[in-house]
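Examination of the molecular architecture
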Amino acid sequence: MSTDLIGQVVADARRAFDSGGTRSYEWRLGQLRALHTMIEDNSDVILAALKADLGKPMFEAWAAEIGVALRDLKETMRALKGWMKPEKVSTPLVTQPGSSRLYKDPLGVVLIIAPWNYPFNLVITPLMGAIAAGNAAVIKPSEISSNTSKMIADLLPRYVDNDAIKVVEGAIPETTALLAERFDHIFYTGNGHVARIIMAAAAKHLTPVTLELGGKSPVYINKSADLKTTARRVAWGKFTNAGQTCIAPDYILVDGEIHDAFLEHLRAAIDGFYGRNPQQTDSYARIVSDRHHQRLSRLLANQDAVIGGQADPADRYIAPTVLQNVAPDSPVMCEEIFGPILPVLSVDGIDAAIRFINGRDKPLALYVFTGDDDVAEAILSRTSSGGATINHVMLHYAVSSLPFGGVGESGMGAYHGQASFDTFTHTKSVLKKPFMVDPSIMYPPYNETKEKWLRRLL
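Report follows, based on the coordinates. Fair warning: this is a prediction, and the values are worked out from it, not measured in the lab.

Considerations on the pattern of salt bridges
Within this structure, the stated rule accounts for 15 salt bridges. A salt bridge links Glu65 to Lys56, with the nearest nitrogen and oxygen atoms 2.5 Å apart. We classify Glu65 as buried; its relative accessible area is 0%. The network of salt bridges with common partners includes Arg14, Arg182 and Asp184.

Considerations on a negative patch on the surface
On the surface, Asp372, Asp373, Asp374 and Glu377 cluster together into a patch of negative charge. By the element assignment, Asp374 lies in helix 14 (residues 373–382).

With respect to the environment of Ser420
Assignment of secondary structure puts Ser420 in helix 15 (residues 418–423). For Ser420, a relative accessible area of 4% gives the class buried. A sequence separation of 32 residues divides Ser420 from Ala388, and the C-alpha atoms of the two residues are 19 Å apart. With residues near it in sequence (within four places) discarded, Ser420 still touches Gly129 and Tyr415.

Description of the sheet that holds strand 13 (residues 321–324)
As summarised here, the arrangement of the 7 strands in space is 10-13-14-9-8-15-16, forming an open sheet in which the pairing is mixed. Among the strands making up the open sheet, the edge pair consists of strand 10 (304–307) and strand 16 (387–390). When strand polarity is set aside, the average angle formed by the axes of neighbouring strands in this sheet is 25°. Along the sheet face, helix 10 (residues 259–274) touches strand 8 (218–221), strand 9 (251–255), strand 10, strand 13 and strand 14 (341–347) and points at about 65° away from the line of strand 10.

Let's talk about the packing of aromatic side chains
Given two aromatic rings, one states the distance between the centres and the angle between the planes to describe the pair. Scanning the entire structure with this criterion turns up 10 aromatic pairs. Measuring from ring centre to ring centre gives 4.8 Å for Phe187 and Tyr415, while their planes differ by 75°; the resulting arrangement is edge-to-face. With Phe187 in strand 6 (residues 185–189) and Tyr415 in strand 19 (residues 414–415), this pair connects stretches of sequence that are 228 residues apart. Aromatic ring contacts, followed pair by pair, group Phe187, Tyr397, Phe404, Tyr415 and Phe424 into a single cluster. Lying over the aromatic face of Trp453, Arg456 brings its terminal NZ or CZ to 5.2 Å of the ring centre.

Things to note about unusual backbone geometry
In the segment running from Gln96 into Pro97, the intervening peptide bond is cis, with an omega of -5°. Assignment of secondary structure puts Pro97 in the loop between strand 1 (87–89) and strand 2 (99–106). Across the junction of Pro444 and Pro445, the peptide omega takes the value 0°, indicating a cis bond. As for its position among the elements, Pro445 is in the loop between strand 20 (425–432) and helix 16 (448–457). The backbone of Asn241 shows a phi angle near 55°, a positive value even though the residue is not glycine. Residue Asn391 is not a glycine yet carries a positive backbone phi of 65°. One can find Asn391 in the loop between strand 16 and strand 17 (404–405). Classification of Asn391 by relative accessible area gives partly exposed; the value is 27%.

Quick notes on the rules
- One numbering rule holds for all chains: residues counted from 1, following each sequence as written.
- Residue-level local features of this predicted model are given only where pLDDT is at least 70; pairs of side-chain atoms are given and counted only at 80 or more, and the full residue set underlies all totals for whole chains, interfaces and linings.
- Just so you know, side-chain values use all the structure's heavy atoms and leave hydrogens and water out.
- When a carboxyl oxygen of Asp or Glu is within 4 Å of a side-chain nitrogen of Lys or Arg, the pair counts as a salt bridge.
- To sort residues, take the accessible area from a 1.4 Å probe on protein chains only and compare it with the maximum for the residue type: under 20% means buried, over 50% means exposed, and anything in between is partly exposed.
- Note on patches: the residues involved have over 30% relative accessible area and no salt bridge, like charges join within 9 Å, and the nonpolar side chains Val, Leu, Ile, Met, Phe, Trp and Tyr join within 5 Å.
- Here the open area of atoms and residues is found with the Shrake-Rupley method and a 1.4 Å probe, where only the protein chains shown may cover a residue.
- This count recognises Lys and Arg as positive and Asp and Glu as negative, with His and chain-terminal groups excluded.
- Where a charge lies is defined by one atom per residue type, namely NZ (Lys), CZ (Arg), CG (Asp) and CD (Glu).
- Comment: elements are numbered from the N terminus, with helices defined as DSSP H or I runs of at least four residues and strands as E runs of at least two.
- The contact criterion used throughout is that any non-hydrogen atoms of two residues lie within 4.5 Å.
- Pairing between strands is defined by DSSP: at least two bridges between them are needed.
- Note on method: axes are straight lines fitted to C-alpha atoms, helices fitted across the in-contact stretch only, with angles between N-to-C directions ranging 0 to 180 degrees.
- Only Phe, Tyr and Trp rings take part, Trp by its six-membered ring, and two of them pair if their centres are within 6.5 Å. Stacked means planes under 30 degrees apart, edge-to-face means over 60, and tilted covers everything else.
- Charge-over-ring contacts are defined here by two conditions on Lys NZ or Arg CZ: a distance within 6 Å of the ring centre and an angle within 35 degrees of the ring normal.

Spelled out as structure tokens, the structure:
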């Protein structure tokens, strides 16, 4: 899209919102149903686009991109009327007679900027929250996952309200032009560098933002853990989507006395999932672009790969790779990896693990594997992270009743389920008073008797 047209796109969405049409329950429910129908009608088209962009196996693409979106749409449609209903709250004596309620107002026109790693789901999931809350929306898919971007731009207008829901394709110039416009909320999923640009642009209009970022999500493996199960779960979470997941395990901290045994179980898990040559399996994805493949290859340079380490630039392939003897200040431990490279570091117990985690930016997710509940509680209570899973990885994302979001460098704000509705909603506080009672105590002239009653009432 020409950047000259973007102002008109936003203006059209603003006009649709100002008309009041997006506020009704019927409009919101109709648009959510349309999204559900779109996905059901075109699942093969969606899967093909994800395969073309990321080499996603059908199972992973269905589970993480399509299936979870269909489930969340059903839950949102089922709960929508209750979320929209004004909520009655208590009214103190001093304001009686009267009634107090919280009204749920849509924010207006929202901008959703999506990433490339889950390029379909991370458009649809925030969009359903924006629609449920009664907003108009402008969507900017990632140009890196170009096939999925084109597919979204093609499919959405066939199903949803084209006046209120817009898609803008493009790259940096288009995103820059969008950020120059005034929105009522910006929802961004991506990296911290771009997040700072978005916050600076949003500040010019005092626009609130939700930032879903990433970071280095740690795993602590305690000596009490079941190592075979732990290794399978870690390997699944790390190498799903070839490691290109914001909440994938980024590095392992394992008690020193079980370090070698864990590595052997990890090797067995990887071999069991992908075989001795993962490049030949249909169950393993590819790196999204040549640029990202080059970045990951640089992180691998001069590292001790105890498992994997092979790379094929022509196929955008990097093997499931496990590193040992990693220096804590090396690039692979200082940058978010976002690929199938897993450093494993030995630590001297839980206190050392907590010190290591707390010495770095707050992660989007944290994982602890232990058979001891006290160990799990100590990790959770003495560290800070956006979310956490105990004895597994990533699955807290799949629980729609758990708000998903980061803290500090890993983001701000949250969504999923009702949290998505709340993110795109202004809660308006309303007190309603009757005419029939109007005590004079609150009005001038003031006197000692009125002051005494005031003190009693408050």
